[in-house]
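The residues making up each chain are set out below.
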Amino acid sequence: MSYNLLKGKKGIIFGALNEQSIAWKTAEHAAAEGAEFVLTNTPASMRFGTIDALAEKYNTIVIPADATNTEDLENLISKTMEHFGGKIDFVLHSIGMSPNVRKENAYNDINYNLYHQTLDISAISFHKILQACYKMDAINEWGSVIALSYIAAERTFCNYNDMADAKSMLESIARSFGYIYGQEKHVRINTISQSPTKTTAGSGITGFNNLVDYAEMMSPLGNASADDCADYIITLFSDLTRKVTMQNLFHDGGFSNMGMSIKGMEAISKGLSEKK
Ligand SMILES: NC(=O)c1ccc[n+]([C@@H]2O[C@H](COP(=O)([O-])OP(=O)(O)OC[C@H]3O[C@@H](n4cnc5c(N)ncnc54)[C@H](O)[C@@H]3O)[C@@H](O)[C@H]2O)c1
């Protein structure tokens, strides 16, 4: 169902790799709500994934950019403004990658060069995007910027590794930049803490399927899917949420406020009785 919530709004969507990507779903929902957007990803991800098909479907362009590279970002923003003939209204940062996770380096045996890369790709890139937009005055008043986080930013989840540190930093950047951008330009900045979701990035975490099952058992509303997440993002890009900023917003079916559920209890007692 469409409500035309984003009619006339224009934006940049980072991170659509393939049909599973949260950014991909967001692009689809944004188009349905009347938005226009430019898509972007790294050149390698563009080759590996299927972003061109998404661009074709919505008659838009893909501008390659590595979100850790400030020159790439400036080029992306200026080309986007050229494309639209003016400023934008929303930005989605849907970017995450840990080379330590990829190489299965344990958190207590981390490679520090890779640790820097994790932070640069998954968190500092958010600052770089915001700073470039701010300096180039690329976002209209009451514009909205969203990045995607995970509850491991605040509580320990085994195997989430250095991505937990990156997500903590990401959420902090939303608060620190949100203050400046809000006060000076009325641009709002939030993070969404999303349920575990079966995507390429998600599946990189060891034991990810068990984590999905666990979260499903613990969440009264069940896990939020990528489509659900796209719906939530649309509301935050819309004019209906103009006074929401500097927040980390849980979108997880209630998981973050649970301690133990009946389903969880049953699974544990079943596991324990099988062990005896
Ligand atoms: N999948 C989950 O369980 C889950 C849960 C909570 C939060 N998130 C977050 O959602 C976001 C989107 O991930 P997803 O699950 O849709 O997976 P995904 O693999 O589809 O998307 C990750 C994207 O990051 C892009 N990327 C990596 N390095 C980049 C760089 N240097 N510059 C620009 N882009 C780069 C990849 O090309 C890819 O498109 C990530 O921030 C992820 O951490 C995911």
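1. Quick notes on the pairing of strand β5 (residues 188-194)
Buried residues dominate β5, accounting for 7 of its 7 residues. Every second residue of β5 is oriented toward a common face, with Arg 188, Asn 190, Ile 192 and Gln 194 on one face and Ile 189, Thr 191 and Ser 193 on the other, all of them buried. The sheet contact formed by strand β4 (residues 139-149) and β5 spans 6 bridges and is parallel. For Ser 144, the partnering residue across the bridge sits in β5 and is Arg 188. Between the parallel pair β4 and β5, the chain is carried across by helix α7 (residues 163-185), and the sense of this crossover is right-handed. Two elements, β5 and strand β6 (residues 248-251), share 4 bridges in a ladder whose sense is parallel. Considered in β6, the bridge of Thr 191 is made with Asn 248.

2. Re the packing of aromatic side chains
Under the criterion given, the structure shown has 10 aromatic pairs. An angle of 50° between the planes, with centres 4.9 Å apart, marks the rings of Tyr 150 and Tyr 160 as tilted. Of the two residues, Tyr 150 sits in the loop between β4 and α7 while Tyr 160 sits in the loop between β4 and α7, which places them 10 residues apart along the sequence. Each residue in the set Tyr 150, Phe 157, Tyr 160, Tyr 214 and Phe 255 is aromatic and connected to the rest through ring pairs, giving one cluster. Lying across the ring of Trp 142, Arg 242 places its NZ or CZ 4.7 Å from the centre.

3. Side note on the site of the ligand
Contacts to the ligand come from 27 residues, most closely from Ser 21, Asn 41, Ser 45, Thr 197 and Thr 199. The contact in question runs from an oxygen atom of the ligand to an N or O atom on the backbone of Thr 197, over 2.7 Å. Thr 199 is positioned such that a nitrogen or oxygen atom in its side chain is 2.5 Å from an oxygen atom of the ligand. Computed on the free molecule, the ligand has an accessible area of 830 Å², of which 94% lies beneath the protein chains in the complex. When contributions to the shell around the ligand are tallied by element, the ones reaching two or more residues are β4 and α8 (200-203).

4. Topic: the side chain of His 29
The residue His 29 is located in helix α1 (residues 22-32) in this model. His 29 gets classed as buried once you look at its relative accessible area, which sits at 17%. Excluding anything up to four places from it in sequence, His 29 contacts Asp 227, Ala 230, Asp 231 and Ile 234.

5. Structural notes on the pairing of strand β3 (residues 88-93)
Taken residue by residue, a regular strand's side chains alternate between the two faces of the sheet. Summarising burial for β3: 6 of the 6 residues are buried, a large majority. Direction of pairing for strand β1 (residues 10-14) relative to β3: parallel, over a ladder of 3 bridges. In the sheet register, Gly 11 faces β3, and the bridge partner there is Phe 90. In this structure, β3 lies alongside β4, joined through 5 bridges in parallel fashion. Of the residues in β4, the one forming a bridge with His 93 is Ala 147.

6. Comments concerning unusual backbone geometry
Unlike most non-glycine residues, Asp 137 shows phi in positive territory, near 45°. With respect to the secondary-structure elements, Asp 137 resides in the loop between α6 (112-135) and β4. According to the relative accessible area criterion, Asp 137 is partly exposed, its value standing at 27%. Here the phi dihedral of His 186 falls at roughly 60°; this positive angle occurs in a residue that is not glycine. Relative to the elements of secondary structure, His 186 occurs in the loop between α7 and β5.

7. As for the packing of α6 against α7
One can describe the packing of α6 onto α7 by two numbers: an axis separation of 9 Å at closest approach and a directional angle of 10°. Judged on the interaxial angle alone, α7 and α6 are roughly parallel. Side by side, α6 and α7 meet where Tyr 115, Thr 118, Leu 119, Ser 122, Ala 123, Ile 124, Phe 126, His 127, Leu 130, Gln 131, Cys 133 and Tyr 134 of the first sit next to Met 163, Asp 165, Ala 166, Met 169, Leu 170, Ile 173, Ala 174, Phe 177, Ile 180, Tyr 181 and Glu 184 of the second. Split by residue class, the contact of α6 with α7 holds 17 nonpolar, 4 polar and 2 charged.

8. Points about the pattern of salt bridges
The final tally for this structure, using the stated rule, is 7 salt bridges. With its nearest N and O atoms 3.0 Å apart, the salt bridge here joins Asp 239 to Lys 9. Note that Asp 239 is positioned in the loop between α10 (226-237) and β6 and Lys 9 in the segment before β1, a separation of 230 residues in sequence. Through salt bridges with shared partners, a single network forms among Lys 87, Asp 137 and Lys 185.

About the thresholds
Numbering of residues begins from 1 in every chain and follows the order in which that chain's sequence is written. In keeping with the predicted nature of the model, local features appear solely for residues at pLDDT of at least 70, side-chain atom pairs appear and are counted solely at 80 or more, and the whole-chain, interface and lining totals rest on all residues. Only hydrogens and water are removed before side-chain values are computed, so all heavy atoms of the structure are retained for them. Between buried and exposed lies partly exposed: a residue is buried under 20% and exposed over 50% of the maximum accessible area for its type, with that area taken using a 1.4 Å probe on protein chains only. Helix and strand definitions here come from DSSP, where helices need a minimum of 4 consecutive H or I residues and strands a minimum of 2 consecutive E residues; each element is numbered from the N-terminal end. A pair of strands is considered paired only if DSSP assigns at least 2 bridges between the two. A clockwise path from the first strand over the helix to the second, with the strands pointing away from the viewer, defines a right-handed crossover. Here a pair means two rings of Phe, Tyr or Trp (six-membered ring of Trp) with centres within 6.5 Å. Their orientation is stacked below 30 degrees between planes, edge-to-face above 60, and tilted elsewhere. As a reminder, the over-ring test applies to NZ of lysine and CZ of arginine, requiring each to be within 6 Å of the ring centre and within 35 degrees of the ring normal. Note on definitions. A residue lies near a molecule or strand when any single heavy atom of the residue is within 4 Å of it. Here a polar contact is taken to be a pair of N or O atoms separated by no more than 3.5 Å, where protein atoms must pair a possible hydrogen donor with a possible acceptor and residues adjacent in sequence count only if both atoms sit in side chains. Each accessible area is a Shrake-Rupley estimate made with a 1.4 Å probe; only the visible protein chains count as cover when residues are assessed. Here, two residues are considered to be in contact whenever any of their heavy atoms come within 4.5 Å of each other. Axis definition: a line fitted to C-alpha atoms, over the contacting stretch in the case of helices. Angles run 0 to 180 degrees between N-to-C directions. Orientation labels follow simple angle bins: below 35 degrees gives roughly parallel, above 145 gives roughly antiparallel, 65 to 115 gives roughly perpendicular, and whatever is left gives oblique. Residues are grouped as follows: Ala, Val, Leu, Ile, Met, Phe, Trp, Tyr, Cys and Pro are nonpolar; Asp, Glu, Lys and Arg are charged; every other residue, Gly included, is polar. Salt bridges are defined as contacts in which a side-chain nitrogen from Lys or Arg sits within 4 Å of a carboxyl oxygen from Asp or Glu.

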